[in-house]
There are 4 protein chains.
Amino acid sequence: MRIGVLTAGGDCPGLNAVIRSVVHRAMTGHGDEVIGFEDGFKGLLDGHYRPLDLNAVSGILARGGTILGSARLERGRLREAAENAAELAKQYGIDALIPIGGEGTLTASRMLSEAGMPVVGVPKTIDNDISSTDRTFGFDTAVMVATEAIDRLKTTAESHQRVMVVEVMGRHAGWIALESGMAGGAHGICLPERPFEVDDLVKMVEERFARGKKFAVICVAEGAHPAEGSMEYAKGEIDQFGHERFQGIGNRLAAELERRLGKEAKPVILGHVQRGGTPTAYDRVLATRFGWHAVEAAHRGEFGMMTALRGTDVTMVPLAHAVTRLKTVPGNRMFEAESVF
Amino acid sequence: MRIGVLTAGGDCPGLNAVIRSVVHRAMTGHGDEVIGFEDGFKGLLDGHYRPLDLNAVSGILARGGTILGSARLERGRLREAAENAAELAKQYGIDALIPIGGEGTLTASRMLSEAGMPVVGVPKTIDNDISSTDRTFGFDTAVMVATEAIDRLKTTAESHQRVMVVEVMGRHAGWIALESGMAGGAHGICLPERPFEVDDLVKMVEERFARGKKFAVICVAEGAHPAEGSMEYAKGEIDQFGHERFQGIGNRLAAELERRLGKEAKPVILGHVQRGGTPTAYDRVLATRFGWHAVEAAHRGEFGMMTALRGTDVTMVPLAHAVTRLKTVPGNRMFEAESVF
Amino acid sequence: MRIGVLTAGGDCPGLNAVIRSVVHRAMTGHGDEVIGFEDGFKGLLDGHYRPLDLNAVSGILARGGTILGSARLERGRLREAAENAAELAKQYGIDALIPIGGEGTLTASRMLSEAGMPVVGVPKTIDNDISSTDRTFGFDTAVMVATEAIDRLKTTAESHQRVMVVEVMGRHAGWIALESGMAGGAHGICLPERPFEVDDLVKMVEERFARGKKFAVICVAEGAHPAEGSMEYAKGEIDQFGHERFQGIGNRLAAELERRLGKEAKPVILGHVQRGGTPTAYDRVLATRFGWHAVEAAHRGEFGMMTALRGTDVTMVPLAHAVTRLKTVPGNRMFEAESVF
Amino acid sequence: MRIGVLTAGGDCPGLNAVIRSVVHRAMTGHGDEVIGFEDGFKGLLDGHYRPLDLNAVSGILARGGTILGSARLERGRLREAAENAAELAKQYGIDALIPIGGEGTLTASRMLSEAGMPVVGVPKTIDNDISSTDRTFGFDTAVMVATEAIDRLKTTAESHQRVMVVEVMGRHAGWIALESGMAGGAHGICLPERPFEVDDLVKMVEERFARGKKFAVICVAEGAHPAEGSMEYAKGEIDQFGHERFQGIGNRLAAELERRLGKEAKPVILGHVQRGGTPTAYDRVLATRFGWHAVEAAHRGEFGMMTALRGTDVTMVPLAHAVTRLKTVPGNRMFEAESVF
């Protein structure tokens, strides 16, 4: 068999671990050949690829980023790929294509699959928002980085009687905020899934100060937004869904809290450190298993599918199911966490 | 409600996170009172306990160990506890007891429960070998510590053309060896679940050297043992199951490999660093959820049960099921990992 | 002897280690009594203090923040303190006061000392900009946190062919930027000590891309500023020294580079994570030594002095010398680092 | 100029950072050529070397180990090298050789230098025991790894009322034990520099237990040894210096303490994890500076010298001075640390 692999979309710790695992399983388990397309689908269309053997993937398991690169593709070119899917497969002589990517990539993969390319997808997102898989690799690393930051900020907040607002990634789903907030013991957690009342946050902080706990840490997802009319001072704009949104909710919330509380409130925007660098052990294991199972699925001819974690097992699910809806934080998880506002 | 909580058995990162979560949920969610028994079941029998409030659990989420202490209890005294279970509950005025512990503790908890104590168990083991729960807290931290060690050893092995044998915890189940071996990219993994042939390890290392990869890292669980007759030089003793066992398989295997290969092979025994210290974000979240659900189960009157992770949900399972058999590494997980010998 | 200790100014990893060390040395080495003033000089003026014994400092060595708290003091109140220095010492019955703090605190300490308070200072700043000491505790931790962030960002930058601009702390001295830039292998480093030419940065990035290294990481101190006229698009304001300054040089520089290069350039502002949380081993050792030597100096009657690291020794230097000028990055260190612009 | 570089002796975090820095400075600063000899002096004698350019050292700054490899050389072959030193330099056309290594390597370098090879040495040892330099790279990383282990072990010891004996590296000098013991807050530190009385350790632990602190952590250098007659049960052998020595002081001391105290005492032998893996920021900076200065010294023709840290400056010192005596922990540093026995 000849297998093509590519990585597309934003950075995510564990991409290299998948690539390595695909090459290991394909070569040592099946005697396959593997080629890697450069810069995502772009490499597939432009014919930029290179052979990948054991030496090529040596030492990359623990390395962040992707040795294959990743780049955005214009929508038009994606259609071009879909139209020539079967031909492309023939051109490169590949019996299977393993694209590793997020929602967009999986949607594109489904298109290619339906157009005749033998595709086995591997889901990737630090946001953990792909339905049909319990978890995605990269998420655990992002939560770990955010938790370490909250750990550090907490001691400063406590010593200096200060409110800290930590903005973590998560535009549409609040998983990183939820889990890093829980792990870091944040006193308030704000998620995209539920508009928050600033009044409630203010009350919580004031009660803490009254109890002698003269500090608070609030963990807010970048996609969180206040309930309508709830932000008095730091006004934002109304988006297409009628939600009041801010450029940089972390900065705005800190400004609002400082004004209302009459106490120092400092924002910290974690940003890209959450999506780069060496993956946690958890993510390396999950990524390695995904790569292994993708190769096995290819050999069983299960195309149009992607790998998924279900409980402790890695199984295959149709690409069609994967991308129909976002996996957001459900109410019971918010309830459990207690500090979600 | 008045809830008693205790921690028993060996150390495990996340114990304090469970205690904190029990107190938080019980007090702020239900207005309960919580008392903590000191040094496990010993405190329950000897009347050593203290009230736990929000201040008592402040700042312990990220701390290793257990603020309640833990100590071994003689078998006889455990029977004593079981015989007086109902009375003990009455004596302390507790409506629920939440013991946090491993296999032994859960077995004892089941005895107490059957004898009339209203018990909700929380499973704990860094070994991840309790059936009926997908994972236990503490395991992720142990794997992380072991993986970081393997990462460090690998560069030394490579630079100095050396074989490194890393012994990790896991007497009866090889989960830590499996996952840290996979995450660290160990070239050989030896588990208690499958006797390994030293010949195969020797062959693997020799092939690596022949290919120009002049080093190897082997990750061996403390409970792993060679196939009968497979260890030529470093002989061990035959245990009750007829297996050839060694005091310190890591040391023995390194000695054996050095002799057979004629190359330096160094053992590293990780030991107790795997079970202490601050828990990973994953373990903090899982421990917090377990504590929360234990309190909820108590309020629903679901006694004789313990918390369990199933997929992404925390559910309750009968204590009776939990401790019937050890959860060992199944064949398909060994197959996936490729480097299991 | 009766010793008072206080912490003032911004947070800095190692404060608790100093407090613990003062208490340990004073009590076990000399049989002294120790009291801790709360919230810096405020506690001294308002009579807020508590006795500190071995139990009070148990477990704080590795903890960030300060158990004594820290707060700003209005200038007027500081004068009040200076005027009543001798009286204050008598009022609390203290034979020595050990204030732990940065430039402002040391200046205040000098005033108190000259007014009759028996003071032994301990210098503290993550910025490493206090002259007369080779290094200050907190700096190593800040550099470590910044370096870990650069490590993480680098793989993302490389995989996604992107420029990353990391803003680290350092308003007047660029030590953190210099050392984290060197340790992280930043391709450009911008310091407050030397105005940088944006043209030079643009040229460096373009040459990298031309050589096939299609990414760059630039580490910029928050106090760095471009040479006059060098920032074409993202204009700033002229400050009192005639320098063109920006609110948030990281954001501005990224914007400017993106525009000039026509490539994605992302800013990451590390912020307060650099100054909180558990100190590195280096900082714990230095802080512990400073605390120990401050107590010894008090017993030798060396007042008006502060602890200082000189080579491998901790010595005492006059407070008067310490605060006369800022220790900035000298030319030879910039030259060595090569990537300073 | 044509510069040869090689790494010799045991592994040490920062070796790659020196190599990278030598190549960077030589090529971009001076337009030099650089070649790297493989496996230490062996490569020099056997003609195994490769050209090193910017690409060859790309991405190695943060990587443990050495890309050039390192191997032991038999004494006889070293003499061979010395006899042909000038010739070897001519043969490879090198104008300078930069060997990076420990005491043995520096002694060999001195021999080569005196025999006509233009040598600039870079000192390397995780043990920090080379005189004429304040610190060596690798040491900070070793201390950090050991400190993290002590941090983890401490919570277990406390929760389980246990004594933990941590054996760290340091055969002849106790710097790692001293600094990790201080940073980790070990209650007892045992160094090679001073024979310890087991009685004193026993007394310290018993006093702790009496005070209610029912645990202790003891940090012991691998080269530490008990005062004569002080170890009652776990007897050792008398070495050439008349000291009673044990194979594995950690194991022996734990056994002895367990017997004397009647309490659990567990040994943990950290071993090779201390000398591998990614270097700390401190070590990366120091290693980078050493590499830079070595190249500069070569260009100034300062041969027979090695780089050294003095205070905050990197200077050059004669190789002859460097290796005359070991830098051991002086009495005042033991006194400061308080817990040295």
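Per an unreviewed UniProt entry, chain A goes by the name ATP-dependent 6-phosphofructokinase and belongs to Streptomyces pristinaespiralis. The UniProt entry for chain A carries the following text under Subcellular location (unreviewed entry): "Cytoplasm". For the record of chain A, the UniProt heading Function (unreviewed entry) holds the text "Catalyzes the phosphorylation of D-fructose 6-phosphate to fructose 1,6-bisphosphate by ATP, the first committing step of glycolysis."

Peer 1: I'm lost on the interface of chain A and chain B in this one. Help?
Peer 2: One frequently used descriptor of interface size is the decrease in accessible area upon assembly of the parts. Contact residues are listed per partner, giving 37 residues for chain A and 37 residues for chain B. With both sides pooled, the region where chain A packs onto chain B buries about 3,000 Å², and carbon together with sulfur makes up 54% of that total. On the chain A side of the interface with chain B, the three residues burying the most area are Trp292, Glu336 and Glu338 of chain A, jointly 18% of the side's total. Along the contact surface separating chain A from chain B lie six salt bridges. With a shortest N-O distance of 2.6 Å, Glu336 of chain A and Arg289 of chain B are connected by a salt bridge. Where chain A touches chain B, the interface holds 18 residue pairs in polar contact (both at pLDDT 80 or more).

Peer 1: Even after reading the chapter, I still don't get the relation of the copies chain C and chain D, so can you show me in this structure?
Peer 2: What relates the pair of chain copies is a rotation about an axis plus a shift along that axis. With an RMSD of 0.0 Å, the fit of chain C onto chain D corresponds to turning through 180° and sliding 0.0 Å along the axis. Here the symmetry operator amounts to a two-fold rotation axis. Scanning chain C for the C-alpha nearest the rotation axis identifies Gly311 of chain C, at a separation of 1.9 Å. Counting the interface residues of chain C, we find that 100% of their copies in chain D are interface residues as well, pointing to one common contact surface.

Peer 1: I'm lost on the relation of the copies chain A and chain B in this one. Help?
Peer 2: Expressed as a screw transformation, the operator carrying chain A onto chain B has a rotation angle of 180° and an axial translation of 0.0 Å, and the superposed copies differ by an RMSD of 0.0 Å. Of all interface residues in chain A, 97% are interface residues in chain B too; the two copies therefore contact each other through one and the same surface.

Peer 1: I keep staring at empty space enclosed by the protein and nothing clicks. Help me out?
Peer 2: All names here are of chain B. For the structure shown, the criterion picks out one cavity of 30 Å³ or more. In this structure, the largest cavity spans a volume of roughly 40 Å³. Lining the largest cavity are Glu103, Asp129, Ile130, Ser131, Ala322, Val323, Thr324, Arg325 and Leu326. Classifying every residue of the lining of the largest cavity gives four nonpolar, two polar and three charged.

Peer 1: What's the story with the side chain of Thr307 of chain D in this structure? I'm lost.
Peer 2: Residues and elements named next belong to chain D. On the secondary structure map, Thr307 appears in strand β12 (residues 305-310). Look at Thr307 and you get buried, because its relative accessible area is 0%. Excluding its chain neighbours within four sequence positions, the residues that come into contact with Thr307 are Gly121, Val122, Pro123, Phe290, His293, Ala294, Val314, Thr315 and Met316.

Peer 1: Would you mind showing me how to read the sheet that holds strand β8 (residues 216-221) of chain B here?
Peer 2: The pairing of strands in a sheet happens through backbone hydrogen bonds and is either parallel or antiparallel. Residue and element names in this part refer to chain B. Pairing within the open sheet is parallel, and its four strands lie in the order β7-β8-β6-β11. Of all the strands in the sheet, just β7 (188-190) and β11 (265-269) have a single pairing partner and so form its edges. Going across the sheet, the axis of each strand differs from the next one's by a mean of 20°, ignoring polarity. In the sheet, strand β6 (residues 163-168) pairs with β8 via six bridges, with the strands oriented parallel. Paired with Val165 across the two strands is Ile218, which belongs to β8. The strands touched by helix α8 (residues 198-210) are β6, β7 and β8; relative to β8, the strand with the most contacts, the crossing angle is about 160°.

Peer 1: Honestly, the sheet that holds strand β2 (residues 33-37) of chain B in this entry has me stumped. Any pointers?
Peer 2: Residue and element names in this part refer to chain B. Strand order across the open sheet formed by seven strands is β3-β2-β1-β4-β5-β12-β13, with mixed pairing between neighbours. Of all strands in the sheet, those bounded by a partner on one side alone are β3 (49-51) and β13 (313-318). Across the sheet, the mean angle from the axis of one strand to that of its neighbour is 30°, orientation sign disregarded. Against the sheet, helix α10 (residues 281-299) touches β1 (2-7), β4 (96-101), β5 (120-123), β12 (305-310) and β13, its axis set at about 140° to β12.

Peer 1: Is there a simple way to explain the domain arrangement of chain A in this structure?
Peer 2: Residues and elements named next belong to chain A. Considered domain by domain, chain A is made up of domain 1 (2-138 + 279-322) and domain 2 (141-274). Taking the mean C-alpha position of each, domain 1 and domain 2 sit 35 Å from one another. Between domain 1 and domain 2, the residue contacts involve ten residues of the former and ten residues of the latter. In total, domain 1 and domain 2 occlude about 730 Å² of area from one another, counting both sides; carbon and sulfur atoms represent 54% of this. Interface area lost by domain 1 to domain 2 is led by Ile126, Asp127 and Thr280, which between them contribute 53%. Our count for the contact surface shared by domain 1 and domain 2 stands at one salt bridge.

Peer 1: Sorry, what's going on with the arrangement of the chains here?
Peer 2: Between chain B and chain C there is no contact, and the shortest C-alpha to C-alpha distance separating them is 11 Å. At their nearest point, the C-alpha atoms of chain A and chain D are still 11 Å apart, with no contact between the two.

Peer 1: Before we go on, may I ask you to explain the UniProt feature "binding site: ATP" (unreviewed entry) in chain A in this structure?
Peer 2: Residues and elements named next belong to chain A. As annotated in UniProt, the feature "binding site: ATP" (unreviewed entry) corresponds to Gly10, Arg72, Leu73, Gly102, Glu103, Gly104 and Thr105 in the numbering used here. Look at the named residues: they lie 96 residues apart in sequence, but the longest C-alpha span between them is just 14.0 Å, so in the fold they bunch up. The residues touching Glu103, leaving out its near neighbours within four places in the chain, are Ile130, Val323 and Leu326. Checked against the element boundaries, Gly104 lands in helix α5 (residues 103-114).

Reading the values: the criteria
Residues numbered from 1 in each chain as written. Chains lettered and ligands numbered in written order. Predicted model: local features only at pLDDT ≥ 70, side-chain atom pairs only at ≥ 80, totals over all residues. Heavy atoms only, no water. UniProt positions renumbered as here; feature names shortened; annotations may be inferred. Contact = heavy atoms within 4.5 Å. Buried area = accessible area lost by both parts, 1.4 Å probe. Salt bridge = Lys/Arg side-chain N within 4 Å of Asp/Glu carboxyl O. Polar contact = N/O pair within 3.5 Å; in protein donor to acceptor, adjacent residues only side chain to side chain. Least-squares fit on C-alpha atoms with pLDDT ≥ 70 in both. 1 Å grid on protein atoms, 1.4 Å probe; cavity = no way out; pocket = protein on both sides within 12 Å on 5 of 7 lines; lining within 4 Å. Points joined across faces, edges and corners; volume = space filled by probe spheres on them. Nonpolar A, V, L, I, M, F, W, Y, C, P; charged D, E, K, R; others polar. Helix = DSSP H or I, 4+ residues; strand = E, 2+ residues; numbered from the N terminus. Buried < 20%, exposed > 50% of the residue type's maximum accessible area, 1.4 Å probe, protein only. Pairing = 2+ DSSP bridges. Axes fitted to C-alpha atoms, helices over the stretch in contact; angles between N-to-C directions. Domains from an automatic or database assignment.

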